[in-house]
Amino acid sequence: MAAAKRSQKLTWKDHAIRYFWMIVGSLIYTFGLDVFLVPNSIIDGGVVGISLMATELTGISFSLFVVILNLPFLYIGYRLIGRSFTIATLFSVMCISVFSIFMHDVPPVTIDPFLASIFGGIILGLGVGMIIRNGGSLDGSEIVAIIFDKKSSFSVGEIVMFLNLFILGAAGFVYSWNSAMYSLIAYFIAYKMIDITITGLEESKGVMIITDYPDEISEVLTKRLGRGVTVLFGEGGYSKQPKKVLYSVVTRLEITKLKDVVYENDENAFITISDVHDVFGGQFGKKTIH
């Protein structure tokens, strides 16, 4: 029964919820793009940025360019990454293409390019983060980055950043150098906002504790912090003595309390703390600490 439950695929309802949030993310993204950035001659990176510059140079609709220019990347993504990712990305791209038609005539919120780059970047990052969180993407350049990542020593993020620096820099020739610099500001703000949207504001922390009193500390962490504790079995590198290593996940606000609890029971305990971006299942729930 448990095995059958673990192997269960996503239901139509799960997919419907994901695609609903991709629609919301696409709407938010298009609002930030067409109401904040485009009226101030500020562009986004990737295929969207190329499409905006192509529209500026040719007068052909952005909605048409963003779909056509993404198609080759989507084909490569379908062959090398997978069908579900490609379908979700195509769906998101089609959404911003359609939404852009209606958003194009919405008056800008601000004509101050500095304010537009800041708030436009925040809104763009929120929209893209929602799309990525639900399994899609808006940009074919990310597919190129994933492919090059397998053939080089650079990470996907570094490759995307490298490509976008060229694309955003090109805005200086199409619009103005002020536009290029504002575009860089908007891009970096959006980049950070994507991280916040995907990982959340309340970062969790993974904690490993090496102690001579594992049972006592495990019990007190469970009772006073309400957190599950996993016991790992290790061995001292120098002493060759068996060691129990405790692992738990807490919020950043609970770190001080955790250290107090541990050192109350073992002043020589060794603690390491690392960032954890996503936590699913287990006994990770909120409980009043005491």
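To be clear, the structure that these remarks concern was listed above.
Colleague: Which residues make up the overall build of the chain, and what values do they have?
Modeller: Along the chain, the regular secondary structure elements total 11 helices and 4 strands. Considering the chain as a whole, with its 290 residues, one finds that 40% of them fall into the buried category. Sequence-distant contacts, at least 24 apart, represent 74% of the contacts inside the chain between residues at least 6 apart.

Colleague: How would you explain the packing of aromatic side chains if you had to name every residue and give the values?
Modeller: Each pair of aromatic rings is reported with the distance of its centres and the angle of its planes. The full count for this structure, using the stated rule, is 6 aromatic pairs. Ring-pair connections join several aromatic residues into one group, and the members of that group are Tyr187, Phe188 and Tyr191.

Colleague: Could you give me a rundown of the layout of surface pockets, with the residues and numbers involved?
Modeller: Computed from the structure, the second largest pocket encloses a volume of approximately 290 Å³. Lining the second largest pocket are 15 residues, with Val38, Leu52, Thr55, Phe62 and His104 sitting closest to its centre. Elements with a contribution of two residues or more to the lining of the second largest pocket: α3 (46–58), α4 (62–80) and α5 (83–103). Class assignment for the residues of the lining of the second largest pocket results in 7 nonpolar, 6 polar and 2 charged.

Colleague: I'd love a proper account of helix α11 (residues 255–265), names of residues and values included.
Modeller: Restricting attention to buried positions, one finds in α11 the residues Ile255, Leu258, Val261 and Val262. Looking down the long axis of α11, one finds its buried residues gathered within 125° of arc, a one-sided arrangement. In α11, those exposed residues whose orientation departs by more than 90 degrees from the buried face are Thr256 and Glu264. For α11, the elements touching its buried residues are β1 (204–210), α10 (214–224), β3 (242–251) and β4 (270–276).

Colleague: Can you lay out the side chain of Ser117 for me, pointing to particular residues and giving the numbers?
Modeller: By the secondary structure assignment, Ser117 is in helix α6 (residues 113–133). By relative accessible area, Ser117 is classed as buried at 0%. Looking at Ser117, its side chain comes within polar contact range of the main-chain oxygen of Phe114, at 2.7 Å. Beyond its immediate stretch of four places on either side in the chain, Ser117 contacts Leu37, Ile42, Tyr182, Ile185, Ala186 and Ile189.

Colleague: Describe α6, with residues and values.
Modeller: Across its 21 residues, α6 extends 29 Å between first and last C-alpha, which sits within 8% of the 30 Å expected from 1.5 Å per residue. The complete set of buried residues in α6 reads Ala116, Ser117, Gly120, Gly121, Ile123, Leu124, Gly125, Gly127, Val128, Gly129, Met130 and Ile131. Sitting at the amino-terminal end of α6 is Asp112, which places a side-chain oxygen 2.9 Å from the backbone nitrogen of Phe114.

Colleague: I'd love a proper account of the sheet that holds β1, names of residues and values included.
Modeller: Pairing is antiparallel across the open sheet formed by 4 strands, whose spatial order is β2-β3-β1-β4. A single partner strand is all that each edge strand has here, and the edge strands are β2 (230–235) and β4. Strand-to-strand, the axes of this sheet are offset by a mean angle of 25°, without reference to chain direction. Strand direction decides the pairing type here: β1 and β3, joined by 7 bridges, are antiparallel. Paired with Met208 across the two strands is Tyr247, which belongs to β3. Of the strands in this sheet, β1 and β3 are in contact with α10, which crosses β3 at around 15°. The strands touched by α11 are β1, β3 and β4; relative to β1, the strand with the most contacts, the crossing angle is about 10°.

Colleague: Run through the pattern of salt bridges, naming residues and quoting values.
Modeller: Following the criterion strictly, the structure yields 4 salt bridges and no others. Of the charged contacts, one joins Glu219 and Lys223 as a salt bridge, the two residues approaching to 2.9 Å between their closest N and O atoms. Of the two residues, Glu219 and Lys223 both sit in helix α10, 4 residues apart, roughly one turn of that helix. Note that Glu264 is salt-bridged to Arg224, the shortest N-O span being 3.1 Å. With Glu264 in helix α11 and Arg224 in helix α10, this residue pair connects regions lying 40 residues apart in the sequence.

Cut-off values and rules
- Residues numbered from 1 in each chain as written.
- Predicted model: local features only at pLDDT ≥ 70, side-chain atom pairs only at ≥ 80, totals over all residues.
- Heavy atoms only, no water.
- Helix = DSSP H or I, 4+ residues; strand = E, 2+ residues; numbered from the N terminus.
- Buried < 20%, exposed > 50% of the residue type's maximum accessible area, 1.4 Å probe, protein only.
- Contact = heavy atoms within 4.5 Å.
- Phe/Tyr/Trp six-rings, centres within 6.5 Å; stacked < 30°, edge-to-face > 60°.
- 1 Å grid on protein atoms, 1.4 Å probe; cavity = no way out; pocket = protein on both sides within 12 Å on 5 of 7 lines; lining within 4 Å.
- Points joined across faces, edges and corners; volume = space filled by probe spheres on them.
- Nonpolar A, V, L, I, M, F, W, Y, C, P; charged D, E, K, R; others polar.
- Arc of directions from axis to C-beta.
- Polar contact = N/O pair within 3.5 Å; in protein donor to acceptor, adjacent residues only side chain to side chain.
- Expected span 1.5 Å × (residues − 1).
- Pairing = 2+ DSSP bridges.
- Axes fitted to C-alpha atoms, helices over the stretch in contact; angles between N-to-C directions.
- Salt bridge = Lys/Arg side-chain N within 4 Å of Asp/Glu carboxyl O.

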